[in-house]
Amino acid sequence: MTLVFILLCAVIVDFLYGEPPSKYHPVVYMGKYIKAFWAKRPSGRERHLLYFGGALVVSGALLFSWPLRLLGMFPDVVMVIPAIPLLKTAFSLSGLLRAGEDVLAALKKGNLPQARKSLSWNLVSRDTSDLSDEEVTGAAVESMAENLTDSLASPLFFFGLFGLPGAFFYRFCNTCDSMIGYRAGDMEWGGKAAARLDDILNWIPARMTAFLLLAAGAMAGENIMAGAEALRTQRKNTPSPNAGWTMSVMAGMLGVTLEKRDTYILSGGNEPITAEVLRRCLKIVRIAAGLILTRGGDPRRSSWDVPLGLNSGPIRSPPTGGWNTDG
């Protein structure tokens, strides 16, 4: 029951206060660690870069997750006080929704430059300076679908399995991938371990999220048969083994084709990609997020007797009821 209480309070904190100041945010310090470590990388040989990148992601993931087990030394009533804000920093739902809403608001006003700016600032790493209205909207839809996994489902999945250490282990690996997991220069080999580990960690959550998006689409009155068909035929069209699952489902349910220049095309229909499409996407994401939170990040919905990673024993009492990774 402690796990449920921590999660509930963390979600409330997320919606009431959003992200903490940078000087208190663990993910900021993860980024500083990655940047400082990466600056010491060897030059030249691919094998050396590969080993160096592996040492970076493993050392950082352990450094930011393992000490959290020390919270298990304290009684639950004391442990939950730091656990709630710490868990909140491992996921971001309100920030993801706000980012999508900012793009939508700019599009509704016909302010394409502001929509591009909001998209680039909050959701994607690609160059947005010359994207058309439809491309901006499509990129926002893609990012909302993909980041539902990275920003919410995956950290809560690992929190459900391993407590705070699991959530922070995932968050460091995902942050490392977002910073060096690219096919350019030294990152081609130096970032390979981070990219592959991120793929592995997101493998189950991405597939769970895809099916929860279908359930959310049904609740929102969208075409789930088209979403399922797009999932079946289009999910392998992205370079990532995971992103295509959620993005293809969203494309099919919305009846649109999502495209990233020279990278992928996800054919879900021929409807124009307008601000209304993004509004519908946001509605689906909100419902899907609610379904994810209802599951509490625990893949074994029928049992909550999992190690919290914070205290010395399992949770004894079961409950009564049953963000920027774009390359």
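Our structure's up above, just so we're on the same page.
Residues numbered from 1 in each chain as written. Predicted model: local features only at pLDDT ≥ 70, side-chain atom pairs only at ≥ 80, totals over all residues. Heavy atoms only, no water.

Draft legend 1. Fine view of the side chain of Thr 209. Tracing the sequence through the fold places Thr 209 in helix α9 (residues 192-219). For Thr 209, a relative accessible area of 1% puts it in the buried group. Residues in contact with Thr 209, not counting those within four places in the same chain, are Leu 148, Thr 149, Ala 153, Thr 246 and Ile 292. (Helix = DSSP H or I, 4+ residues; strand = E, 2+ residues; numbered from the N terminus. Buried < 20%, exposed > 50% of the residue type's maximum accessible area, 1.4 Å probe, protein only. Contact = heavy atoms within 4.5 Å.)

Draft legend 2. The arrangement of a nonpolar patch on the surface in detail. On the surface, Leu 70, Met 73, Phe 74, Val 77 and Val 78 cluster together into a nonpolar patch covering about 530 Å² of accessible area. Structurally, Leu 70 can be placed in the loop between α3 (46-65) and α4 (76-90). (Patch = residues over 30% accessible without salt bridge, like charges linked within 9 Å, V, L, I, M, F, W, Y side chains within 5 Å. Areas by Shrake-Rupley, 256 points an atom, 1.4 Å probe, with all protein chains shown as cover. Salt bridge = Lys/Arg side-chain N within 4 Å of Asp/Glu carboxyl O.)

Draft legend 3. Structural detail: the environment of Arg 98. Within the element layout of this structure, Arg 98 appears in helix α5 (residues 94-108). Given a relative accessible area of 40%, Arg 98 falls into the partly exposed group. For the pair Arg 98 and Arg 45, spaced 53 residues apart in sequence, the C-alpha separation works out to 43 Å.

Draft legend 4. Quick peek at the packing of helix α6 (residues 112-122) against helix α7 (residues 133-180). Taken N-terminus to C-terminus, the directions of α6 and α7 make an angle of 30°; their axes are 10 Å apart at the nearest point. It follows from the interaxial angle that α6 and α7 lie roughly parallel. When the axes of α6 and α7 are compared, the crossing they make is left-handed. Every residue of α7 that contacts α6 at Leu 112, Ala 115, Arg 116 and Leu 119 is listed here: Asp 133, Val 136, Ala 139 and Ala 140. Tallied by class, the residues present in the contact of α6 with α7 amount to six nonpolar, no polar and two charged. (Axes fitted to C-alpha atoms, helices over the stretch in contact; angles between N-to-C directions. Parallel < 35°, antiparallel > 145°, perpendicular 65-115°, else oblique. Left-handed = near helix turned anticlockwise from the far one by under 90°. Nonpolar A, V, L, I, M, F, W, Y, C, P; charged D, E, K, R; others polar.)

Draft legend 5. Up close: the pattern of salt bridges. All chains considered together, the criterion is met by 12 salt bridges. The salt bridge involving Lys 88 is made with Asp 14; its shortest N-O contact spans 2.9 Å. Highlighted residues: Lys 88 in helix α4 and Asp 14 in helix α1 (residues 2-17), separated in sequence by 74 residues. The same class applies to Lys 88 as to Asp 14, namely buried. Taking the shortest distance from any N to any O, the salt bridge between Lys 192 and Glu 188 comes out at 3.9 Å. Classification of Glu 188 by relative accessible area gives partly exposed; the value is 28%.

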